[in-house]
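Structural features, examined
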Amino acid sequence: MSDDSRPSPATARAEARTAVVIPAAGRGVRLGPGAPKALRALNGTPMLIHAVRAMAASRAVSLVVVVAPPDGAAEVKSLLDAHALPERTDFLVVPGGAERQDSVKLGLDALPPDYDIVLVHDAARPLVPVDTVDAVIEAVRDGAPAVVPALPLADTVKEVEPASAAGDPEPVVATPERARLRAVQTPQGFDRATLVRAHETIIDNVTDDASMVEQLGLTVVVVPGHEEAFKVTRPLDLVLAEAVLARRRLNDGF
Ligand code: C5P
């Protein structure tokens with residue numbers, strides 16, 4: 001084969017297969033006592049199943065790796081088996097780790113070789129629309145090493161000096177210009193080799209995967225997020241999520 005017949009990097013990326021890693025191993029303590037957050041029900045279906053379906057709704061996604069609570073992999077596997085999921089998508093379940101970062105790394109380690117694009121999606125964002133998933137994949141296919149869906153902020157954000165004793169007032173140290181800030185969601189999309197390198201190199205505790213790629217000195221780009229991609233964190237978020245599902249059912253004509 002001559003060099004000319006090899007696909008260009010852009011063509012190779014356009015044809016790349018896409019896998020999603022869903023970290024779902026957190027306890028979700030801010031939601032109150034009960035089952036691990038990903039296994040809480042929304043309208044009778046576990047949040048994790050909603051999140052898996054949201055990812056599998058994209059025709060570009062052919063594998064979903066669910067990272068389960070360390071002692072809950074068997075339970076998560078039977079949950080996936082018990083719910084209808086698209087036939088074109090494969091599913092894997094692996095046990096997670098102590099921190100979100102450890103769980104994502106364990107999911108990445110389980111990926112078969114033939115996937116060049118990886119999305120990382122929080123189980124705690126069960127309602128992300130498929131258009132957002134596709135927009136993230138598209139931007140990685142177009143050549144970005146890392147892509148995040150994001151929204152402008154409604155609130156002004158202050159940076160504070162954390163209080164030294166509980167209950168003490170916290171002094172404000174800065175007010176970043178709101179128009180330049182974005183609230184970042186998932187799924188975040190990556191060139192697989194870049195994300196693997198980030199997880200091997202960066203050991204700081206981070207709250208998202210894209211910030212590890214930023215620390216490698218690479219450019220992370222933003223695509224429009226969606227208000228329905230919010231993270232279910234506090235009890236009120238469960239009420240909002242069920243309201244979104246009820247509205248969808250009405251709109252779908254059920
Ligand atoms: O705690 P937070 O809401 O930031 O968690 C985001 C996602 O990371 C959730 O889907 C949670 O299940 C997951 N996670 C994990 N392993 C941990 C902690 C959190 O997979 N050790």
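These remarks concern the structure in this document. Values in this document were obtained by computation on a predicted structure and should not be read as measured data.

1. Description of the overall build of the protein chain
Along the protein chain, the regular secondary structure elements total eight helices and twelve strands. The C-alpha atoms of the protein chain give a radius of gyration of 19 Å, which matches the 18 Å a tight globule of 254 residues would have. Counting only C-alpha atoms, the protein chain reaches 70 × 45 × 40 Å along its principal axes. Scored against the burial criterion, the 254 residues of the protein chain give a buried share of 44%. In the protein chain, of all internal contacts separated by at least 6 residues, the share reaching a separation of at least 24 is 73%. Averaging the locations of the 26 positively and 35 negatively charged side chains of the protein chain gives two centres separated by 4 Å.

2. Details of the pattern of salt bridges
Taken as a whole and judged by the stated rule, the model has eight salt bridges. One salt bridge connects K77 with D81, and the closest N-O pair in it is separated by 3.4 Å. In this pair, K77 and D81 are both assigned in helix α3 (residues 73-82), four residues apart and thus about one turn of the helix distant. According to the relative accessible area criterion, K77 is partly exposed, its value standing at 44%. Residue E228 is joined to R247 by a salt bridge in which the shortest nitrogen-to-oxygen separation is 2.4 Å. Within this pair, whereas E228 is found in the loop between β12 (220-224) and α8 (235-251), its partner R247 is found in helix α8, the two being separated by 19 residues in sequence. On the accessibility criterion, E228 (11% relative accessible area) is buried. The structure contains a network of salt bridges with shared partners spanning R100, D122, R125 and D209.

Calculation criteria
Residues numbered from 1 in each chain as written. Predicted model: local features only at pLDDT ≥ 70, side-chain atom pairs only at ≥ 80, totals over all residues. Heavy atoms only, no water. Helix = DSSP H or I, 4+ residues; strand = E, 2+ residues; numbered from the N terminus. Rg over C-alpha atoms; globule rule 2.2 N^0.38 Å. Buried < 20%, exposed > 50% of the residue type's maximum accessible area, 1.4 Å probe, protein only. Contact = heavy atoms within 4.5 Å. Lys, Arg positive; Asp, Glu negative; His and termini not counted. Charge placed at Lys NZ, Arg CZ, Asp CG, Glu CD. Salt bridge = Lys/Arg side-chain N within 4 Å of Asp/Glu carboxyl O.

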